Amino acid sequence: MATARRPLVAGNWKMNGLAAAVAELDKMIAGARDLSAVTDLMVCPPATLVAAFAARARGTPIAIGGQDCHAEPAGAFTGDISAEMLRDAGAVAVIVGHSERRTYHRETDADVRAKCSAAWRAGLTAILCVGETKNERLAGRTLEVVGTQLTGSVPPGAGAANLVIAYEPVWAIGSGLTPTVADVAEVHGFIRERLANLASADVRALYGGSVKPSNAKELMGVPNVDGALVGGASLTAADFLGIAGAYRR
Ligand code: PGA
């Protein structure tokens, strides 16, 4: 199905990467030039590397994002980072509501919604993650769960410029397992319908969970999939660029 939405392939480095990893970013930048005609590219390194990566990537096709932000702009929140700080460091986007944040930091839809609003306040695009657990899928509750997450975590005022949704089945993250093409199509079709009501029809919806160069073309070819949020395979330029290469004509 043809879409007017420009694809986005975003890498979520999670808690990986020391200063020397800038060499990998350099390789990504070198390989990104001919891909920028067909897809947007983003790398979300750990907070410690955001400023260095943003400085390195300035003026290149690779945008830099954060992985989480606090809802407040500043204050007594030891260890936290605000959306304004990410913006100040050169980020243009921030992931919110990743299932690892929802699980390990007990973030609720209300928390995610506040973080999304914080991202917008700072002028960042929010990459908002939703997705069901294995038990929820087995119980046939996938669409209900994703629908509740979308309704509960997308604030009013969402549009193509400030919001990207990432559908990431929790059981597919880091597991090497992926849903079938039909399952991805079903959920993305549902998300597309919800976005038409909740936000703008132009908001992009990415797929995430065990995306690799070998399955990227198939997954990126599913109707209403507008790109990928990539974890493990985004740590090396070869795999990240291999995934983005799915969009090469
Ligand atoms: P994965 O992670 O690609 O390593 O499965 C995806 C994510 O958590 O965003």
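Look a little higher up for the structure.
> Which residues make up the site of the ligand, and what values do they have?
Close contacts around the ligand come from 13 residues, with Lys14, His98, Glu168, Gly174 and Ser210 the closest. Residue Ser210 places a main-chain N or O atom 2.7 Å away from an oxygen atom belonging to the ligand. The separation between an oxygen atom of the ligand and a polar main-chain atom of Gly232 is 2.8 Å. Computed on the free molecule, the ligand has an accessible area of 280 Å², of which 94% lies beneath the protein chains in the complex. Class assignment of the residues belonging to the shell around the ligand gives a composition of four nonpolar, seven polar and two charged.

> A description of the pairing of strand 4 (residues 93-96) should follow, citing residues and the corresponding values.
By the alternation rule, side chains of strand 4 split into Ala93 and Ile95 and Val94 and Val96, which are all buried. Where strand 3 (residues 62-66) meets strand 4, two bridges bridge the pair, whose relative direction is parallel. Bridged to Gly66 within strand 4 is Val94. For the crossover that starts at strand 3, traverses helix 3 (residues 83-89) and ends in the parallel strand 4, the hand is right-handed. Inspection of the sheet shows strand 4 paired to strand 5 (residues 125-130) by four bridges, in the parallel sense. Residue pairing for strand 5: Ile95 is matched across the bridge by Ile127.

> Account for the nonpolar core, with residues named and values stated.
Counting residues in each nonpolar core, the largest one holds 69 residues, and the members touching the most others are Leu163, Ile165 and Ile191. Contacts of Ile165, omitting those with residues within four sequence positions, involve Leu128, Val130, Leu150, Val154, Ile191, Leu195, Val203, Arg204, Ala205 and Leu206. Of all hydrophobic cores here, the second largest spans 12 residues; its members include Met42, Cys44, Ile127 and Ala166.

> Break down helix 5 (residues 109-121) for me, with residues and values.
Under the 1.5 Å per step criterion, the end-to-end length of helix 5 is 18 Å for 13 residues, consistent within 8% with the ideal 18 Å. Looking at the packing, one finds that the buried side of helix 5 touches helix 3, strand 4, helix 4 (99-104), strand 5, helix 7 (142-153) and strand 6 (163-167). One or two steps after helix 5, the chain reaches Gly123, where phi turns positive at roughly 85 degrees.

> Just give me the short version of the packing of aromatic side chains, but keep the residues and values in it.
Applying the stated criterion to the full structure yields two aromatic pairs. Cation over ring: Lys134 sits above Trp171, and NZ or CZ is 4.4 Å from the ring centre.

> Just give me the short version of unusual backbone geometry, but keep the residues and values in it.
Even without glycine at this site, Ser210 takes up a positive phi of about 55 degrees. Along the polypeptide, Ser210 turns up in the loop between strand 7 (204-208) and helix 9 (213-220). Overall, Ser210 belongs to the buried group, its relative accessible area being 13%. The residue Asn224 is not glycine, and still its phi comes out positive at about 70 degrees.

What counts and what doesn't
Residues numbered from 1 in each chain as written. Predicted model: local features only at pLDDT ≥ 70, side-chain atom pairs only at ≥ 80, totals over all residues. Heavy atoms only, no water. Near = heavy atom within 4 Å. Polar contact = N/O pair within 3.5 Å; in protein donor to acceptor, adjacent residues only side chain to side chain. Areas by Shrake-Rupley, 256 points an atom, 1.4 Å probe, with all protein chains shown as cover. Nonpolar A, V, L, I, M, F, W, Y, C, P; charged D, E, K, R; others polar. Buried < 20%, exposed > 50% of the residue type's maximum accessible area, 1.4 Å probe, protein only. Helix = DSSP H or I, 4+ residues; strand = E, 2+ residues; numbered from the N terminus. Pairing = 2+ DSSP bridges. Right-handed = clockwise from strand over helix to strand, strands pointing away. Core = buried A, V, L, I, M, F, W, Y, C linked by side-chain atoms within 4.5 Å. Contact = heavy atoms within 4.5 Å. Expected span 1.5 Å × (residues − 1). Phe/Tyr/Trp six-rings, centres within 6.5 Å; stacked < 30°, edge-to-face > 60°. Lys NZ or Arg CZ within 6 Å of the ring centre and 35° of its normal.

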